[in-house]
Amino acid sequence: MFHDHHADYHAARAEAEAIRAIRADDPVVAAVHQDLCLRYSGRVIAALILAGVDRIRRE
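Residues numbered from 1 in each chain as written. Predicted model: local features only at pLDDT ≥ 70, side-chain atom pairs only at ≥ 80, totals over all residues. Heavy atoms only, no water.

**Focus on the side chain of His10**
Moving on, step 1. Counting through the fold element by element, His10 comes out in helix α1 (residues 7–23).
Moving on, step 2. For His10, the residues in contact, after removing those within four places along its chain, are Asp4, Tyr40, Arg43 and Val44. (Helix = DSSP H or I, 4+ residues; strand = E, 2+ residues; numbered from the N terminus. Contact = heavy atoms within 4.5 Å.)

**Side note on the packing of α1 against helix α2 (residues 27–58)**
How two helices sit against one another is set out by the angle between their axes and by the gap between those axes.
Moving on, step 1. Remark: α1 packs on α2, axes separated minimally by 8 Å, with the N-to-C direction vectors making an angle of 155°. In terms of orientation, α1 and α2 fall into the roughly antiparallel class. Helix-helix and strand crossings are classified by hand; for α1 and α2 the assignment is left-handed. When α1 is examined against α2, the residues Ala7, Tyr9, His10, Ala11, Arg13, Ala14, Glu17, Ala18, Arg20 and Ala21 are found in contact with a partner set consisting of Ala30, His33, Gln34, Leu36, Cys37, Tyr40, Ser41, Arg43, Val44 and Ala47.
Moving on, step 2. Its residues assigned to classes, the contact of α1 with α2 comprises 12 nonpolar, 4 polar and 4 charged. (Axes fitted to C-alpha atoms, helices over the stretch in contact; angles between N-to-C directions. Parallel < 35°, antiparallel > 145°, perpendicular 65-115°, else oblique. Left-handed = near helix turned anticlockwise from the far one by under 90°. Nonpolar A, V, L, I, M, F, W, Y, C, P; charged D, E, K, R; others polar.)

Next up, the structure:
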């Protein structure tokens, strides 16, 4: 069974980076935090996809 033990960490970091991006006064700083948010979100999405594929294969 696939389980990404870091998914909770990545989800929390994605949320924190999204908040930082929204609150940033400088557009460059906002863009950096948005990029980090997207990277962490991508890891969470990948973990969800892999878990779903693993579940389907076990059926």
